[in-house]
Amino acid sequence: EANPAHQEALQAIEKHYTRMGWSVKMIVPRIVSTVDDKEVTLYDVSWGTSTIRVFRGAQHVSVRTLDFPSFLRRALAARSNGVPGQVLLKMDIEGSEFEVLPVLLENGDLCTGRIDQLMAEFHPEMRKDVSESITTAVLGHKCGTFKALAFDDESFVNDGMPYPCPLGGCRP
């Protein structure tokens, strides 16, 4: 998540899920990219934030990029072999998917045993020049039982539901 305004809430979610034994990493505030530590301007727009200045006078903040393919390779390498479970990648990165996903495809990261399932929100308005070809390539990609879904559901933001708890109940 690039928007620093979400940092506190996302860190609370990460802490809760970690206590449940889940491996979760919220990366706030960083803009996902294929280069690391580059300064980028993030603009506040009526529906959220964007690296594209939609209107004059928009509030803005500088944030740094995260080389996501490199981060992902390190995170996957750190997983213990033989640990049951699958890797689900939920991606809503506001247009950066058209920079990041081709690299993940090329590196073989979108395969069973690495990333088992990808749920991505695609933002074709951000990169009209490549959006259709990349979206088609990712959604049609076959590697083992890997599955990719075009997914945009942000109903959880105001659903009032508590964080999930293990069967034995939540610990404080």
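See above for the structure.
Attention here is on the structure that accompanies the text. A quick note: this is a predicted structure, and the numbers were derived from the prediction, not measured.

### Considering the overall build of the protein
Here comes step 1: Broken down by element type, the protein carries 4 helices and 7 strands.
Here comes step 2: Within the span of the protein, comprising 172 residues, buried residues form 33% of the whole.
Here comes step 3: Long-range pairs, those at least 24 residues apart, make up 68% of the contacts in the protein between residues at least 6 apart in sequence.
Here comes step 4: Summed over all atoms, the accessible surface of the protein reaches about 11,000 Å², with 53% contributed by carbon and sulfur.

### Regarding the layout of surface pockets
Here comes step 1: In this structure, the second largest pocket occupies an estimated 240 Å³ of space.
Here comes step 2: Lining the second largest pocket are 16 residues, with Thr51, Glu94, Gly95, Ser96 and Glu99 positioned closest to its centre.
Here comes step 3: Of all elements in the fold, only strand E1 (30-33) and helix H3 (97-107) reach the threshold of two or more residues within the lining of the second largest pocket.
Here comes step 4: If one sorts the elements of the lining of the second largest pocket by residue count, E1 sits on top with 3 residues.
Here comes step 5: Taken together, the residues that form the lining of the second largest pocket break down as 7 nonpolar, 5 polar and 4 charged.

### What about the state of the cysteines?
Here comes step 1: Enumeration over the complete set of coordinates arrives at 1 disulfide.
Here comes step 2: Residue pairing for cysteine 111: its cysteine sulfur links by disulfide to cysteine 143, the two sulfurs lying 2.0 Å apart. The disulfide joining cysteine 111 to cysteine 143 has a torsion of about 95° about its S-S bond and is therefore right-handed. You can see cysteine 111 sitting in the loop between H3 and strand E6 (117-120) and its partner cysteine 143 sitting in the loop between helix H4 (131-139) and strand E7 (147-150), a full 32 residues away along the chain.
Here comes step 3: Assessed through its relative accessible area of 13%, cysteine 111 is described here as buried.

### Some points on the packing of aromatic side chains
Aromatic ring pairs are reported here in terms of the distance separating the ring centres and the angle at which the planes meet.
Here comes step 1: Applying the stated criterion to the full structure yields 3 aromatic pairs.
Here comes step 2: Residues phenylalanine 68 and phenylalanine 71 carry aromatic rings whose centres are separated by 6.1 Å and whose planes lie at 35° to one another, so their mutual orientation is tilted. In this pair, phenylalanine 68 and phenylalanine 71 both sit in helix H2 (residues 68-78), 3 residues apart, roughly one turn of the helix.

### Comments concerning H3
Here comes step 1: Those residues of H3 not exposed but buried are Glu97, Phe98, Val100, Leu101 and Leu104. Considered in projection along H3, the buried side chains sweep an arc of 160° and stay on one side of the axis.
Here comes step 2: Where H3 is buried, its residues meet E1, H2, strand E5 (88-91), E6 and H4.
Here comes step 3: Glycine 108 occupies a position one or two residues after H3 and carries a positive phi of about 80°.

### Some words on the side chain of aspartate 67
Here comes step 1: In this fold, aspartate 67 is placed in strand E4 (residues 60-67).
Here comes step 2: One buried charged residue, aspartate 67, forms no salt bridge at all, with the nearest opposite charge on arginine 73 at 5.3 Å.
Here comes step 3: The contacts of aspartate 67, once residues within four sequence positions are left out, are Ser33, Thr34, Val35 and Asp36.

### Re the sheet that holds E7
Here comes step 1: Read from one edge of the open sheet, 3 strands run E5-E6-E7, paired in parallel fashion. Every other strand in the sheet has two partners, leaving E5 and E7 as the edge strands with one partner each. Taken pair by pair, the neighbouring strands of this sheet meet at an average axis angle of 10°, ignoring direction.
Here comes step 2: Note that E5 and E6 share 4 bridges and pair parallel. Considered in E6, the bridge of leucine 88 is made with glutamine 117.

Calculation criteria
- Residues numbered from 1 in each chain as written.
- Predicted model: local features only at pLDDT ≥ 70, side-chain atom pairs only at ≥ 80, totals over all residues.
- Heavy atoms only, no water.
- Helix = DSSP H or I, 4+ residues; strand = E, 2+ residues; numbered from the N terminus.
- Buried < 20%, exposed > 50% of the residue type's maximum accessible area, 1.4 Å probe, protein only.
- Contact = heavy atoms within 4.5 Å.
- Areas by Shrake-Rupley, 256 points an atom, 1.4 Å probe, with all protein chains shown as cover.
- 1 Å grid on protein atoms, 1.4 Å probe; cavity = no way out; pocket = protein on both sides within 12 Å on 5 of 7 lines; lining within 4 Å.
- Points joined across faces, edges and corners; volume = space filled by probe spheres on them.
- Nonpolar A, V, L, I, M, F, W, Y, C, P; charged D, E, K, R; others polar.
- Disulfide = S-S within 2.5 Å.
- Phe/Tyr/Trp six-rings, centres within 6.5 Å; stacked < 30°, edge-to-face > 60°.
- Arc of directions from axis to C-beta.
- Lys, Arg positive; Asp, Glu negative; His and termini not counted.
- Salt bridge = Lys/Arg side-chain N within 4 Å of Asp/Glu carboxyl O.
- Pairing = 2+ DSSP bridges.
- Axes fitted to C-alpha atoms, helices over the stretch in contact; angles between N-to-C directions.

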